[in-house]
Amino acid sequence: MKISVLGAGAWGTALAIQAANAGHEVSLWGRDAAAIDAMRVSRRNAAYLPDSELPSALALTADRGAAIAHAARGLTIVATPMSGLRETLAALPSTQRVLWLCKGFEAGTGRLGHEIARELWPAMPKLSVGVLSGPSFAQEVAAGRPTALVAASEDAGLARAAVEAFHGERLRVYTSSDPVGVEVGGAVKNVMAIAVGVCDGLSASAPDAPGLNARAALITRGLAEMLRLGLALGARAETFMGLSGLGDLVLTATGDLSRNRRVGLMLAQGLGLPQILARLGHVAEGVYSAPTVLARARAAGVEMPITEAMVALLDGRLRAGEAVERLMGREARAE
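Residues numbered from 1 in each chain as written. Predicted model: local features only at pLDDT ≥ 70, side-chain atom pairs only at ≥ 80, totals over all residues. Heavy atoms only, no water.

Enquirer: Run through the packing of aromatic side chains, naming residues and quoting values.
Expert: Considering all chains together, one arrives at zero aromatic pairs under this definition. Positioned above the aromatic ring of Trp29, the side-chain terminus of Arg64 is 5.7 Å from the ring centre. (Phe/Tyr/Trp six-rings, centres within 6.5 Å; stacked < 30°, edge-to-face > 60°. Lys NZ or Arg CZ within 6 Å of the ring centre and 35° of its normal.)

Below you can see the structure in the form of structure tokens.
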């Protein structure tokens, strides 16, 4: 299969490595020509995956048009942050088979990936687009550690193409026909991971601070928030019990490689958001998604108290301890 990966960050590079090692003809595109030249010489992505060697068969290019043409009859993977998805999709023909990796709601519009695609190509009765998601850290995928993902699309053929492209002994790819649920899970779990990071950061500060019990409660109630919003937006409940729901939530909320969790840990230390983002160096989608998640929830009449507390914390209207106290002080109700 001819595969183009648009975006040479950690996740795009990791999947490009996997597909090239599986014998596919893979082209990895990055917008920084100098960085691509350096990767071509060193066979490493020093900025994102310095410990992973790039296969000799993996082609590297800074020419996006050439990369798009390469996958005209194959599969295009969009590996940009959510902020770059619209612009990247707009550059693709509507006939291109496309899966995106980014997780979140678009800032400003509040749209999910499938909603952006439908807006860009309103005249197409059926789009061959979808999302590839699930509990996965790029470093582990690049290193060949066992990982399971889900490819979700209304086009069953596209989901099967993702299996053909990436499924192997160390990377399992399941299919789903519920892209709405997969996208909601992928977006909201980042916000919940910040909340769990805050809880864990506070837990280390004092004997009477939140502990493991509070972490379990946050993860469980966070899953309930994801489910409520997903159902309101047309998702299926069972999707949230799978890889892109519970699976991705547990990984991102508890894994030490999670950037969103690290944001929460630093918020618990009393650091301001600008300082946190400077230390982080890379995108933490939960920071940018949180206000949009809350806006979509309010528009749909969905109550999301954890999300609301995280937005107030990120805005500086609450301190970390106050956010946890607000959640614990809510009235008792039936689960």
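Enquirer: Can you break down the side chain of Thr61 residue by residue, with the values?
Expert: Relative to the elements of secondary structure, Thr61 occurs in strand E5 (residues 59-61). On the basis of relative accessible area, Thr61 is assigned to the buried category, the value being 14%. Those residues in contact with Thr61, other than ones at most four positions away along the chain, are Ser27, Leu28, Trp29, Gly30, Ile36, Arg40 and Ala67. (Helix = DSSP H or I, 4+ residues; strand = E, 2+ residues; numbered from the N terminus. Buried < 20%, exposed > 50% of the residue type's maximum accessible area, 1.4 Å probe, protein only. Contact = heavy atoms within 4.5 Å.)

Enquirer: Could you give an account of the sheet that holds strand E2 (residues 25-29), with specific residues and numbers?
Expert: Picture the strands of a sheet paired through backbone hydrogen bonds; they go either parallel or antiparallel. The eight strands are arranged E5-E2-E1-E6-E7-E8-E9-E10 in an open sheet whose pairing can be described as mixed. Only two strands of the sheet have a single neighbouring strand rather than two, namely E5 and strand E10 (171-176). Direction aside, neighbouring strands of the sheet carry axes that sit 25° apart on average. As paired elements, strand E7 (residues 98-100) and strand E8 (residues 129-133) share three bridges and run parallel to each other. Considered in E8, the bridge of Val98 is made with Val129. The sheet strands contacting helix H8 (residues 179-203) are E7, E8, strand E9 (147-152) and E10, and the helix crosses E8 at an angle near 45°. (Pairing = 2+ DSSP bridges. Axes fitted to C-alpha atoms, helices over the stretch in contact; angles between N-to-C directions.)

Enquirer: With reference to specific residues and values, describe helix H1 (residues 10-21).
Expert: Three or four residues apart is the spacing at which side chains of an α-helix point the same way, because the helix has 3.6 residues per turn. The terminal C-alpha atoms of H1 lie 17 Å apart, and with 12 residues this matches the ideal 16 Å at 1.5 Å per residue to within 8%. Among the 12 residues of H1, 11 are classified as buried, and the element is accordingly described as predominantly covered. Backbone geometry just downstream of H1 places Gly23 in the positive-phi region, at approximately 100°. (Expected span 1.5 Å × (residues − 1).)

Enquirer: Quick rundown of the UniProt feature "domain: Glycerol-3-phosphate dehydrogenase NAD-dependent N-terminal" (unreviewed entry) in the protein chain? Include the residues and the values.
Expert: Mapped onto this numbering, the UniProt entry annotates "domain: Glycerol-3-phosphate dehydrogenase NAD-dependent N-terminal" (unreviewed entry) at residues 2-157. Between the end C-alpha atoms of residues 2-157 the distance is 16 Å, and the span holds 32% helix and 24% strand. (UniProt positions renumbered as here; feature names shortened; annotations may be inferred.)

Enquirer: Quick one: what's the story with the side chain of Thr88, residue by residue and with numbers?
Expert: Tracing the backbone through its elements, the reader meets Thr88 in helix H4 (residues 85-90). On the basis of relative accessible area, Thr88 is assigned to the buried category, the value being 0%. When near neighbours in sequence (up to four residues on either side) are disregarded, Thr88 contacts Leu6, Arg64, Val78 and Thr80.

Enquirer: Describe in detail the pattern of salt bridges, supporting the description with residues and values.
Expert: Counted according to the given criterion, the structure contains 16 salt bridges. Put simply, Arg111 and Glu119 hold a salt bridge, and the shortest N to O gap is 2.9 Å. Owing to a relative accessible area of 30%, Arg111 belongs among the partly exposed residues under this scheme. A residue is classified by how much of its surface remains accessible, and Glu119, at 38% relative accessible area, is partly exposed. Connected through shared salt-bridge partners, Arg86, Glu106, Arg111 and Glu119 make up one network. (Salt bridge = Lys/Arg side-chain N within 4 Å of Asp/Glu carboxyl O.)

Enquirer: Could you give me a rundown of the environment of Leu218, with the residues and numbers involved?
Expert: Inspection of the secondary structure puts Leu218 in helix H9 (residues 212-232). Take Leu218: its relative accessible area is 13%, and that puts it in the buried class. A C-alpha to C-alpha distance of 9.3 Å links Leu218 and Leu327, two positions 109 residues apart in sequence. Dropping the residues within four chain positions of it, Leu218 is found in contact with Ala195, Val196, Cys199, Ile306 and Leu327.

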